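Overview (structure and organization)
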Amino acid sequence: RKEVEQDPGPFNVPEGATVAFNCTYSNSASQSFFWYRQDCRKEPKLLMSVYSSGNEDGRFTAQLNRASQYISLLIRDSKLSDSATYLCVVTEFSGGYNKLIFGAGTRLAVHP
Amino acid sequence: DAGVIQSPRHEVTEMGQEVTLRCKPISGHNSLFWYRQTMMRGLELLIYFNNNVPIDDSGMPEDRFSAKMPNASFSTLKIQPSEPRDSAVYFCASSFSRDLAGGNTGELFFGEGSRLTVL
C-alpha cells in the first residue's frame, strides 16, 4: 500500500464549479499535512498547510480526519488558473527526522 | 530574492555518460533535498542534507548516484554512468529547520528542476 494515495484524475470542471480532492495516508503517526500545487512542467509550490480543525484560505478549504487518515481539499468557484496538479503531502518521522512524503497528485483541468 | 537555482535546466545525453546536476539553495536555508520526479513514480526523495551533512541517502537508487554538498551554498548530484531509466526531472529543494528532528515546517522551496533525458 502506498504511503500517500490520491485519485490521479483528471478532474475536468467548468469555471465556477466546486471541486474536492481526497487523499489517504497509511502512517497513523503522521503529524503534519500539506497541499502543494504543481503547474505543468513547473516545480511544486506550497499551497496550504492542513490543520486539525480545518482551515480556509480564500476559495480553498482543507480538512483533516485523523481517525480515518484522510485529508481533503475543496476549491470553490474554480478559475482557469486553478488548473494544475495538487499534491497531498504528509510528514513521517523516519531516520531521525521529519520526512515529507508526497502523493502522486491529482490533476485538475478547469475549462471555460 | 533569488530562489533555489538549478543547472542545467535541460540535459540530453547518451547512455554511459556522466551527468552532473547543480543546485544553489536559498541563502540562510540549512536543509537541502534532491528529488526525482517521473510519471510512474511521482516525486521521490533521493537525499537530504542538513547543515551540509548527508542525513538520509536511503532514496539514492544505486552506486551510480552520488551527491555532495561541499558548502552551504552549493550541491551536486552526479550520475555515472547514466542509463535511460534515469530520465526524469530532478528537483533540488531547500528549507530552514531549527533542528534535525524538526525536519522542516513543510514549506520546501523547489528549484525549477533539471530535465534529464538519457538516450
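Look up a bit, the structure's there.
This write-up is about the structure you can find in this document. (Residues numbered from 1 in each chain as written. Chains lettered and ligands numbered in written order. Predicted model: local features only at pLDDT ≥ 70, side-chain atom pairs only at ≥ 80, totals over all residues. Heavy atoms only, no water.)

Turning to the overall build of chain A, a few remarks are in order. Along its length, chain A carries zero helices and eleven strands. Reading chain A from its N terminus to its C terminus gives the helix and strand order β-β-β-β-β-β-β-β-β-β-β. Against the globule reference of 13 Å for 112 residues, chain A gives a C-alpha radius of gyration of 14 Å, in line with a compact fold. With the C-alpha coordinates of chain A rotated into their principal frame, the extents come out at 45 × 30 × 25 Å. When the 112 residues of chain A are sorted by exposure, 46% land in the buried category. Residue pairs at least 24 apart in sequence account for 56% of intrachain contacts in chain A once pairs closer than 6 positions are excluded. (Helix = DSSP H or I, 4+ residues; strand = E, 2+ residues; numbered from the N terminus. Rg over C-alpha atoms; globule rule 2.2 N^0.38 Å. Buried < 20%, exposed > 50% of the residue type's maximum accessible area, 1.4 Å probe, protein only. Contact = heavy atoms within 4.5 Å.)

This next bit is on the interface of chain B and chain A. Many structure descriptions define interface size as the accessible area lost when the parts assemble. Counting residues at the interface gives 22 residues for chain B, matched by 16 residues for chain A. Buried surface at the junction of chain B and chain A, both sides included, amounts to about 1700 Å², of which 54% is carbon and sulfur. Between K99 of chain A and D56 of chain B there is a salt bridge; the shortest N-O distance is 3.6 Å. Counting across the interface, chain B meets chain A through three residue pairs in polar contact (both at pLDDT 80 or more). For the side of chain B that touches chain A, the elements supplying multiple residues, two or more each, are β4 (31-38), β5 (42-50) and β6 (53-56) of chain B. When residues in the side of chain B that touches chain A are grouped by element, the largest group, three residues, is from β5 of chain B. (Buried area = accessible area lost by both parts, 1.4 Å probe. Salt bridge = Lys/Arg side-chain N within 4 Å of Asp/Glu carboxyl O. Polar contact = N/O pair within 3.5 Å; in protein donor to acceptor, adjacent residues only side chain to side chain.)

So, on to the sheet that holds strand β6 (residues 55-57) of chain A. Residue and element names in this part refer to chain A. With antiparallel pairing, five strands are arranged side by side in an open sheet as β1-β3-β8-β7-β6. This sheet does not close on itself; its edge strands, each paired only once, are β1 (4-6) and β6. Across the sheet, the axes of successive neighbouring strands diverge by a mean angle of 20 degrees, strand direction being ignored. Inspection of the sheet shows β6 paired to strand β7 (residues 60-65) by three bridges, in the antiparallel sense. Residue pairing for β7: D57 is matched across the bridge by F60. (Pairing = 2+ DSSP bridges. Axes fitted to C-alpha atoms, helices over the stretch in contact; angles between N-to-C directions.)

Right, let's get into the packing of aromatic side chains. This structure, assessed with the given rule, holds twelve aromatic pairs over all chains. Residues Y25 of chain A and F33 of chain A carry aromatic rings whose centres are separated by 4.9 Å and whose planes lie at 45 degrees to one another, so their mutual orientation is tilted. For the residue pair Y25 of chain A and F33 of chain A, the accessibility class agrees, reading buried in each case. Considering the side-chain rings of Y36 of chain A and F110 of chain B, the 6.3 Å spacing of their centres and the 85 degrees angle between planes classify their relative orientation as edge-to-face. Of the two residues, Y36 of chain A is situated in strand β4 (residues 33-38) and F110 of chain B in strand β10 (residues 109-110); the pairing between them involves two chains. (Phe/Tyr/Trp six-rings, centres within 6.5 Å; stacked < 30°, edge-to-face > 60°.)

Time to look at the pattern of salt bridges. All names here are of chain B. Taken as a whole and assessed by the stated rule, the structure comprises 14 salt bridges over all chains. With a shortest N-O distance of 2.8 Å, E62 and R64 are connected by a salt bridge. Among the residues examined, E62 registers a relative accessible area of 28% and is labelled partly exposed. R64 sits in the buried class, given a relative accessible area of 9%. Shared partners join several salt bridges into a network, and the residues in it are E62, R64, E83, R85 and D86.

Take the nonpolar core next. Side chains that are nonpolar tend, in soluble globular proteins, to be buried together. F21, W35, I71, L73, I75, Y86 and L108 of chain A are the most contacted members of the largest nonpolar core, which has 24 residues in total. Listing elements by their share of this core, those giving two or more residues are β3 (19-25), β4, β5 (44-50), β7, β8 (70-75), β9 (84-94) and β11 (106-111) of chain A. Formed by 20 residues, the second largest nonpolar core is a distinct cluster that contains I26, L32, I47 and F65 of chain B. (Core = buried A, V, L, I, M, F, W, Y, C linked by side-chain atoms within 4.5 Å.)

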